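Now for the letters of each chain:
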Amino acid sequence: MQQSFDLYFVSSNKHKFLEAKKILNSFEIQIGFYKSELEEIQSDSLQKIASKKAEQAFSQLKKPVIVEDDGLYITSLDGFPGPYSSYVFKTIGNSGILNLVKNNRNAKFVSMISFKNNVFSKSFKAEICGKISKKQKGKGWGYDPIFIPNSKSKTFAEISNKNELSHRFKALKKFANWYLRMQK
Ligand code: IMP
């Protein structure tokens, strides 16, 4: 029989779920995975995109949900791909990004976590600053092989403690603090 959870992470991306699960477990919050390809509205606001997805997810599942929307913002490209990061990854991918980035390699990764239950709709945002590497390094998912967080000299794909410093960790930490207070 399938285990039932008080909170579900709704996404089509298993990598995100596995990282979120590990991070939230460290705050003693257990989550289930509900795989769903949620419709993404066209917006330059991650918050609007994520909260719309949370509404859809909650209406499908009828249980408390979190969804996550992320963006990679590259300074020399005026923040591109930002909210279009998923489309850009599917089209030009990491090699396309490396072709676009020249001298100024600064970038940031932003995570927006949106929670919805029958009472609350709440979003939690966090970011990590870093750089785009010159070459792809390490075997990771998504943009991990080209993103070097500022405190490190290696890409997300090469470091073992990504889940202790990532944009996802920081946003989920904010969520966890609020969620645990709300449960009392
Ligand atoms: P999404 O629209 O939230 O799915 O994310 C935008 C893009 O960023 C997708 O291509 C994701 O695979 C990618 N992405 C999000 N978070 C990470 C991460 O932690 N590492 C690498 N790529 C990521």
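Below, the structure is looked at part by part. If you're wondering where the values come from, they're calculated on a predicted model, not measured in any experiment.

**Points about the packing of aromatic side chains**
Part 1 of the argument: Going through the model one piece at a time under the given rule, you end up with 17 aromatic pairs.
Part 2 of the argument: Taken together, a centroid distance of 5.9 Å and an interplanar angle of 85° make the contact between F5 and Y8 edge-to-face.
Part 3 of the argument: Ring centres of F120 and W178 lie 5.3 Å apart, and the angle between their planes is 90°; this geometry places the pair in the edge-to-face category. Here W178 lies in helix α5 (residues 167-183) and F120 lies in the loop between β5 (106-116) and β6 (121-132), a separation of 58 residues in the sequence.
Part 4 of the argument: F120 sits in the partly exposed class, given a relative accessible area of 32%.
Part 5 of the argument: Taking the relative accessible area as the measure of exposure, W178 reaches 11% and is therefore buried.
Part 6 of the argument: Each member of the aromatic cluster is reached from another via a ring pair, and the members are F115, F120, F124, F175, W178 and Y179.
Part 7 of the argument: Here K162 stacks its cationic end above the ring of F156, 5.2 Å away from the centre of that ring.

**Examining the layout of surface pockets**
Part 1 of the argument: Considered as a void within the structure, the largest pocket measures approximately 670 Å³ in volume.
Part 2 of the argument: Along the walls of the largest pocket sit 28 residues, with N13, K16, D70, S86 and W141 positioned nearest its centre.
Part 3 of the argument: Secondary structure elements with two or more residues in the lining of the largest pocket: β1 (8-11), α1 (14-25), β3 (65-74), α3 (85-91) and α5.
Part 4 of the argument: Counted by class, the lining of the largest pocket contains seven nonpolar, ten polar and eleven charged residues.
Part 5 of the argument: Lining the second largest pocket are E40, I41, Q42, S43, I49, P83, Y84, S85, S86, Y87 and K90.
Part 6 of the argument: Looking at the lining of the second largest pocket element by element, the count peaks at four residues for α3.
Part 7 of the argument: Its residues assigned to classes, the lining of the second largest pocket comprises five nonpolar, four polar and two charged.

**Section: the environment of N94**
Part 1 of the argument: Within the secondary structure layout, N94 lies in helix α4 (residues 93-100).
Part 2 of the argument: Along the sequence, N94 and F115 sit 21 residues apart, while their C-alpha atoms lie 30 Å from each other.
Part 3 of the argument: Each residue touching N94, except ones within four places of it in the same chain, is listed here: F89, Q136, G142, Y143, P145 and I146.
Part 4 of the argument: At 3.0 Å, the side chain of N94 and the backbone oxygen of G142 are in polar contact.

What counts and what doesn't
Residues numbered from 1 in each chain as written. Predicted model: local features only at pLDDT ≥ 70, side-chain atom pairs only at ≥ 80, totals over all residues. Heavy atoms only, no water. Phe/Tyr/Trp six-rings, centres within 6.5 Å; stacked < 30°, edge-to-face > 60°. Helix = DSSP H or I, 4+ residues; strand = E, 2+ residues; numbered from the N terminus. Buried < 20%, exposed > 50% of the residue type's maximum accessible area, 1.4 Å probe, protein only. Lys NZ or Arg CZ within 6 Å of the ring centre and 35° of its normal. 1 Å grid on protein atoms, 1.4 Å probe; cavity = no way out; pocket = protein on both sides within 12 Å on 5 of 7 lines; lining within 4 Å. Points joined across faces, edges and corners; volume = space filled by probe spheres on them. Nonpolar A, V, L, I, M, F, W, Y, C, P; charged D, E, K, R; others polar. Contact = heavy atoms within 4.5 Å. Polar contact = N/O pair within 3.5 Å; in protein donor to acceptor, adjacent residues only side chain to side chain.

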